[in-house]
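Examining the three-dimensional arrangement
The primary structure of each chain is shown beneath.
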Amino acid sequence: MKRCFALLTLAGLLLSASAAAQIPNPGFENWIADSCVGWSGVNFQQTTDAHSGSYAVMGAVELIFLFQTPIVYTTDADTTNRRAGFPFIGRPGSYSGYYKFSPAASSTDSLTFLAHFTKQNSIIGTATVTVWQPAATYTQFAAPVVWIAGDTPDSASCSIEI
């Protein structure tokens, strides 16, 4: 049995103009078959309900065999260089984007956006924001990047979870 438990639609993850250019497919515009280029995860599909551009990504938590299958969507790993995420240079001050969120009635669902910035596979900065309230129209999220080291990252990763 498959039951839609929560709905999420995202558009363009933004750090800054130069930083966003480094995120693979930040507006979720490029797809090959049913796969969003540069991203991977479960329970996601393409939608034309976009904040800007033609497409966005939509996900749903589903009940399969009495277990809830959560949404986890992340930028693909750079396996060539043995690092999580994608090559990244710079020290952005914030991580932001737009979302719609429609949790099931009387659920405790939350929507989390997370960015990790790493140097030689060690985390040197993070940004995270968790949303609890439904949003029927596109709503901006923003989280400051908290730097725990003075280095400039060599890679970054972004994830979206319900």
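For every chain, the first residue of its written sequence is number 1, and the numbers climb from 1 along that sequence. Under the rules for a predicted model, residues below a pLDDT of 70 receive no local features and side-chain atom pairs below 80 are neither given nor counted, while totals for whole chains, interfaces and linings still include all residues. Neither water nor hydrogens contribute to the side-chain values; these are computed over all heavy atoms in the structure.

**Quick look at the overall build of the chain**
- Put simply, DSSP H or I for four residues or longer makes a helix, DSSP E for two residues or longer makes a strand, and each gets a number counted from the N terminus. The number of helices and strands found in the chain is 1 helix and 15 strands.
- Only protein chains enter the accessibility calculation, which uses a 1.4 Å probe; a residue whose area is less than 20% of its type maximum is buried, one above 50% is exposed, and one in between is partly exposed. Looking at the chain residue by residue over its 162 residues, the buried ones come to 44%.
- Should any heavy atoms of two residues lie within 4.5 Å, those residues are counted as being in contact. Summarising the internal contacts of the chain: among those between residues at least 6 apart in sequence, 69% fall at separations of at least 24.
- Residue burial considers only the protein chains on display, and all accessible areas are found by Shrake-Rupley using a 1.4 Å probe. When the accessible area of the chain is evaluated, it comes to approximately 8,300 Å², of which 55% is carbon and sulfur surface.

**Structural notes on a nonpolar patch on the surface**
- A surface patch of nonpolar side chains, amounting to about 280 Å² of accessible area, comprises Ile123, Val146 and Ile148.
- Assessed through its relative accessible area of 47%, Val146 is described here as partly exposed. For patches, a residue must show more than 30% relative accessible area and have no salt bridge; joins then use 9 Å for like charges and 5 Å for nonpolar side chains, namely Val, Leu, Ile, Met, Phe, Trp and Tyr. One speaks of a salt bridge when a side-chain nitrogen belonging to Lys or Arg is within 4 Å of a carboxyl oxygen belonging to Asp or Glu.

**With respect to the packing of aromatic side chains**
- Working definition: rings of Phe, Tyr and Trp (its six-membered ring) pair if their centres are within 6.5 Å, and the pair is stacked with planes under 30 degrees apart, edge-to-face with planes over 60 apart, and tilted otherwise. Evaluated as defined, the whole model comprises 8 aromatic pairs.
- With centroids separated by 3.8 Å and ring planes inclined at 10°, the aromatic side chains of Phe113 and Phe141 adopt a geometry described as stacked. In this pair, Phe113 is assigned in strand β11 (residues 111-119) and Phe141 in strand β13 (residues 135-144), connecting sequence segments 28 residues apart.
- With a relative accessible area of 0%, Phe113 lands in the buried category.
- Members of the aromatic cluster, each reached through a chain of ring pairs, are Phe86, Phe88, Phe117 and Trp147.

**Some thoughts on unusual backbone geometry**
- The backbone of Gln120 sits at a positive phi, close to 50°, despite the residue not being glycine.
- Position of Gln120 relative to the elements: it lies in the loop between β11 and β12 (122-131).

**Points about the nonpolar core**
- For the purposes of this section, nonpolar cores are sets of buried Ala, Val, Leu, Ile, Met, Phe, Trp, Tyr and Cys residues that join through side-chain atoms within 4.5 Å. Trp39, Tyr73, Tyr99, Leu111 and Phe113 are the most contacted members of the largest nonpolar core, which has 29 residues in total.
- Mapped onto this core, the elements with two or more residues apiece are β6 (56-64), β10 (94-103), β11, β12, β13 and β15 (155-161).
- Counting residues per element, this core draws most heavily on β11, at 4 residues.

**Looking at the environment of Ala136**
- Within the secondary structure layout, Ala136 lies in strand β13.
- We classify Ala136 as exposed; its relative accessible area is 73%.
- Once the C-alpha coordinates of Ala136 and Ser102 are considered, the two residues, 34 residues apart in sequence, prove to be 6.8 Å apart.

**Quick word on the confidence of the model for the chain**
- On average, residues of the chain score 78 in pLDDT, and 75% of them reach the 70 mark or higher.
- Confidence, expressed as mean pLDDT per element, reaches its minimum in the chain at strand β1 (residues 4-14) with 44 and its maximum at strand β14 (residues 146-147) with 96.
- Scored between 0 and 100, pLDDT is the confidence that the predictor attaches to each residue. Low pLDDT, under 50, characterises residues 1-13; the predicted model gives this stretch 77 contacts beyond four residues in sequence or across chains.

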